[in-house]
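Take a look at the letters that make up each chain.
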Amino acid sequence: MHTGFLSLSVTHKLTFAADHIIQLLHGQVSAVHSIVPPGFGLKARGGREFRGTIADQPDFDAGSDAEALYNAMKGFGSDKEAILDLITSRSNAQRQEIRAAYKSQYGKDLIDDLKYELTGKFERLIVGLMRPPAYHDAKEIKDAIKGAGTDEKCLIEILTSRTNEQIHNLVAAYKDGEFFLQKDLEEDVIGDTSGHFKKMLIVLLQGTREEDDVVSEDLVEQDDLYDAGEAQWGTDEAKFIMLLGNRSVTHLQLVFDEYQNIAEKSIEDSIKSELSGDFERLMLAVVQCIRSKPMYFAKRLYKSMKGLGTADNTLIRIMVSRSEIDMLDIRECFRLRYEKSLYNMIQDDTSGEYKRTLLNLCGGDDDIAGEFFPEAAQIAYKMWEISAMTKVQLRGTVRPYQNFDPASDAQALRKAMKGFGTDEDTIIDIVTHRSNAQRQEIRQTFKSLLGRELMADLKSELSKNLERLILGLMMTPAEFDAKMMKKAMEGAGTDEHSLIEILVTRSNQEIQEMCSAYQNAYKKSLEDAIASDTSGQFKRILISLAQVHLHSSCIQTLTHSSYFVLYKLIFYFNLMVFVREPVRRVHIAQISSQARGLGTDDRALIRIMVSRSEIDLFNIRKEFKETHDATLHEFIQGDTSGDYRKTLLIICGGED
């Protein structure tokens, strides 16, 4: 069985990755392909890299396997462990050969015997594995349609995630005599659904989506989903259906980018506001599969096991259908999004032979893999979704004040700190409603008018977290980053999380300015400070990031590389891509870790709120809401207090 990462020597892998990423950072390697050590993955038929967890068994003998299964079911009781171990270590194509050999040798249908010997969820899972993929999909859809109600979520999942070929095979399998008198799938869908939901399902059933290499730049602007939705009262559902049901994945990703630029909101947000019910859920699933099928399935798997009870039909269907396609990718997405491995969640939520079979299909525990990565990669490991991330318009929550008068603000701040007591409300109001550039003018004017250092006055008048937050806002971004780097390295221990967060999320110019600010403030180069406070591969990569000589060919390669090339880079160290890409995920991961903890890491919270307030805090806020049960505003409100909370909430900019 292919186990991906664990199949290579850990020392060889980390050394190889560190050396090549450092070369890539300095332009010494021109292609991302060159950083992938030989032998990383298997090749599937047709040359595509194999990303499943179940592969062909070497030295396969269908007759011998058929005999082993017959013996496991012979006599009183059955050897369930032998059955599950054999079936989960053979590919589906090999299972079909076993089924044929079983019938030839014993005159019986293997699936019928398995149904007789096994029961419950374990039976459903094993039988699902024994069916050809198209027949498994057909059976799932038939079960979703039959009876009084319809399982719309099952229909949505299957029809939005399958390729053209898989859809055609599914339709043919549904007509087979094994399935209820050779019925027509399209007719059954028409008879069991209605409205725009039905229309979109019928379009998907045609299996006519353009291939991925079909992209027409001329059509990207013509395929204006904005005009079909946000720009008018009501929604042109027909246009949504036609475009999302037929255009290629690559083309639609460009359309989504164009939509974001025009509407200043994602296509997902627009669908949520313009559509409703099953049709909304269907269109969202289409978009999610266009973005990233592995992430779509990771979310589906998480929801199937989250809370009380388990949606076993969904769990079985996904584990069976994706085990030979992209289960490794799904595992990665699951681990990165939920900070828990799929393996461990299955282990906690299921039992018996059913659990053992699912764990075999899962193929490995990604939490264990984390132990083999240095600290830098463990944090970066949480920030994937790069390949599926849309290029969004970054939006801050703090903007320049329109009627800005630095002299008036300087006088108001002095008055707020003069005499007995301090007017914190005035200080908070001025500092949080001015851009950083305007705050620097206030600092300069304060000194020229009053002959005093504003930062020193604020420090003497404020205390604790409010002091740290207000002073952070009053510093230049470079000064603030330099101070945060200094804080991360001072004392007995090193705050590796802070070092990683800052270095992987700042642009070349920001890092250069930070290095200068660090030198000016602490009379020591940032590179020397990192070298003296860290070690090994972690030190080497952080120093390379701090040197910021990113080569143009490296940038071009990272921007245009295929999913699997980027995936491998991300899988190893995943650090420098954030210099070019939106960096919301790293900040969300940091805030999320606080939300799950017993207390608040105020230093991290302040660092993120200050540093992103004029860049992309609005985007972070929106994504935080999508991935959590609460908004960022609610999290801050519930976890902080007093003037500190008030200041954070103003910076947050809204309740979503």
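Once a new chain begins, its residue numbering starts again from 1 and follows that chain's sequence as written. With pLDDT at 70 or above as the cut-off, local features in this predicted model cover only qualifying residues; side-chain atom pairs require 80 or more to be listed or tallied, and sums for whole chains, interfaces and linings still use all residues. Computation of side-chain values covers all heavy atoms of the structure but excludes hydrogens and water.

### Quick look at the overall build of the protein
Secondary structure elements follow DSSP: runs of H or I no shorter than four residues count as helices, runs of E no shorter than two count as strands, and numbering proceeds from the N terminus. On a plain count of helices and strands, the protein comes out with 41 helices and two strands. Each residue's exposure class comes from its accessible area (1.4 Å probe, protein chains only) as a fraction of the maximum for that residue type: buried when under 20%, exposed when over 50%, partly exposed otherwise. For the protein, the proportion of its 656 residues judged to be buried stands at 54%. Working definition of accessibility: Shrake-Rupley area with a 1.4 Å probe, residue cover restricted to the visible protein chains. A total of about 28,100 Å² of accessible surface is found on the protein, and carbon and sulfur atoms cover 47% of it.

### Concerning helix α11 (residues 195-205)
Inspection of α11 places Phe197, Met200, Leu201, Ile202, Leu204 and Leu205 among the buried residues, and these make up the whole buried set. Check the buried side of α11 and you find it contacts α8 (152-161), α9 (164-175), α10 (185-192), α14 (237-246) and α17 (277-291). At the exit of α11 stands Gly207, carrying a positive phi of roughly 60 degrees. Should any heavy atoms of two residues lie within 4.5 Å, those residues are considered in contact.

### Structural notes on a positive patch on the surface
Exposure above 30% relative accessible area and no salt bridge define the residues that can form patches, which grow by joining like charges within 9 Å and nonpolar side chains of Val, Leu, Ile, Met, Phe, Trp and Tyr within 5 Å. Here, a salt bridge means any side-chain nitrogen of Lys or Arg that lies within 4 Å of a carboxyl oxygen of Asp or Glu. His residues and chain termini do not enter the charge count, which takes Lys and Arg as positive and Asp and Glu as negative. Just so you know, the charge point we use is NZ for Lys, CZ for Arg, CG for Asp and CD for Glu. Judged by side-chain charge, Lys153, Lys272, Lys303 and Lys625 come together as a positively charged surface patch. Residue position: Lys303 is located in helix α18 (residues 293-305).

### Observations regarding unusual backbone geometry
Unusually for a residue other than glycine, Asp59 sits at a positive phi of about 55 degrees. Relative to the helices and strands, Asp59 is located in the loop between β2 (49-50) and α2 (62-73). A relative accessible area of 81% places Asp59 in the exposed class. In this model, Lys464 sits at a positive phi of 55 degrees, which is unusual for a non-glycine residue. Within the secondary structure, Lys464 sits in helix α29 (residues 464-474).

### A word on the packing of α8 against α11
Helix axes use the C-alpha atoms of the stretch in contact, all axes being lines fitted to C-alpha atoms, and the angles between their N-to-C directions lie in the range 0 to 180 degrees. Contact geometry of α8 with α11 gives a least axis separation of 10 Å together with a crossing angle of 35 degrees. When the axes of α8 and α11 are compared, the crossing they make is left-handed. Contacts between α8 and α11 involve Glu152, Leu155, Ile156, Leu159 and Thr160 from the first element and Phe197, Leu201, Leu204 and Leu205 from the second. In the contact of α8 with α11, the residues fall into seven nonpolar, one polar and one charged. Note on convention: the crossing is left-handed when the near helix lies turned anticlockwise from the far helix by less than a right angle, right-handed when the turn is clockwise. All amino acids are sorted into three groups, where Ala, Val, Leu, Ile, Met, Phe, Trp, Tyr, Cys and Pro are nonpolar, Asp, Glu, Lys and Arg are charged, and the leftover types, Gly among them, are polar.

### Quick look at the packing of α14 against α17
At a minimum axis distance of 11 Å, the contact between α14 and α17 shows a crossing angle of 35 degrees. The interaxial crossing formed by α14 with α17 has left-handed handedness. Here Glu237, Phe240, Ile241 and Leu244 of α14 come into contact with α17, specifically with Phe279, Met283, Val286 and Val287. Here the residues of the contact of α14 with α17 sort into seven nonpolar, no polar and one charged.

### Description of the side chain of Glu157
By the secondary structure assignment, Glu157 is in helix α8. Once residues within four sequence positions are removed from consideration, Glu157 is found in contact with Arg162, Tyr296, Phe297, Arg300, Thr314, Arg317 and Ile318.

### Points about the pattern of salt bridges
Under the counting rule described, the total for this entry stands at 34 salt bridges. The salt bridge involving Arg247 is made with Glu210; its shortest N-O contact spans 3.8 Å. Residue Arg247 is located in the loop between α14 and α15 (249-263), and its partner Glu210 is located in the loop between α11 and α12 (217-222); the two are separated by 37 residues in the primary sequence. The class for Arg247 is buried, based on a relative accessible area of 12%. Note that Arg439 and Glu614 form a salt bridge whose closest N and O atoms lie 4.0 Å from each other. Of this pair, Arg439 sits in helix α27 (residues 436-450) while Glu614 is found in the loop between α38 (602-612) and α39 (617-627), placing the two residues 175 residues apart along the sequence. Through salt bridges with shared partners, a single network forms among Arg124, Lys139, Glu140, Asp143, Lys146, Glu157, Arg300 and Arg317.

### Structural notes on the environment of Lys199
Following the sequence through the fold, Lys199 ends up in helix α11. Between the C-alpha atom of Lys199 and that of Met242, which follows or precedes it by 43 residues, the distance is 9.8 Å.

### Observations concerning the side chain of Arg322
Its location among the elements puts Arg322 in helix α19 (residues 312-322). Relative accessible area serves as the criterion here: at 3%, Arg322 is assigned to the buried category. Polar contacts involving the side chain of Arg322 include one to the side chain of Asp326, which spans 3.0 Å. In this structure Arg322 touches Ser161, Arg162, Lys293, Phe297, Met327 and Ile330, once residues within four positions along its chain are discounted. Nitrogen and oxygen atoms within 3.5 Å of one another constitute a polar contact, given that in protein one can donate a hydrogen and the other can accept it, and given that sequence-neighbouring residues count only through two side-chain atoms.

### Considerations on the packing of aromatic side chains
Aromatic pairing here means that ring centres of Phe, Tyr or Trp (its six-membered ring) are within 6.5 Å. Orientation follows from the plane angle: under 30 degrees is stacked, over 60 is edge-to-face, and everything else is tilted. Applying the stated rule across the entire model yields nine aromatic pairs. Aromatic side chains Tyr70 and Tyr102 sit 6.3 Å apart centroid to centroid with 55 degrees between the ring planes, which places their arrangement in the tilted category. Residue Tyr70 is found in helix α2, and its partner Tyr102 is found in helix α4 (residues 92-106); the two are separated by 32 residues along the sequence. For the cation-ring pair, Arg434 lies above Tyr401, with the distance from its terminal atom to the ring centre recorded as 3.8 Å. Over the ring of Tyr522 we find Lys486, and its NZ or CZ is 5.3 Å from the ring centre. Remark: a charge is flagged as sitting over a ring if the NZ atom of Lys or the CZ atom of Arg is within 6 Å of the ring centre and within 35 degrees of the ring normal.

### Notes on helix α7 (residues 133-145)
The span you would expect from a helix comes to 1.5 Å times its residue count less one. With 13 residues, α7 should reach 18 Å at 1.5 Å per residue; the first-to-last C-alpha distance of 19 Å fits that figure. Burial analysis of α7 places 10 of its 13 residues in the buried class, which makes it a mostly covered element. Buried within α7 we find Ala134, His136, Asp137, Ala138, Lys139, Glu140, Ile141, Lys142, Ala144 and Ile145. At the C-terminal side of α7, Gly147 shows a positive phi close to 90 degrees.

### A look at the confidence of the model for the protein
One number per residue, pLDDT, summarises how confident the predictor is, and it ranges from 0 to 100. Averaged over every residue, the pLDDT of the protein is 80; residues scoring 70 or more account for 75%. The low-confidence segment residues 1-18 (pLDDT under 50) makes 45 contacts with residues lying over four places distant or belonging to another chain.

### Some words on the environment of Pro294
Looking at the secondary structure, you find Pro294 in helix α18. Spatially, the C-alpha atom of Pro294 lies 6.8 Å from that of Asp326, the residues being 32 residues apart in sequence.

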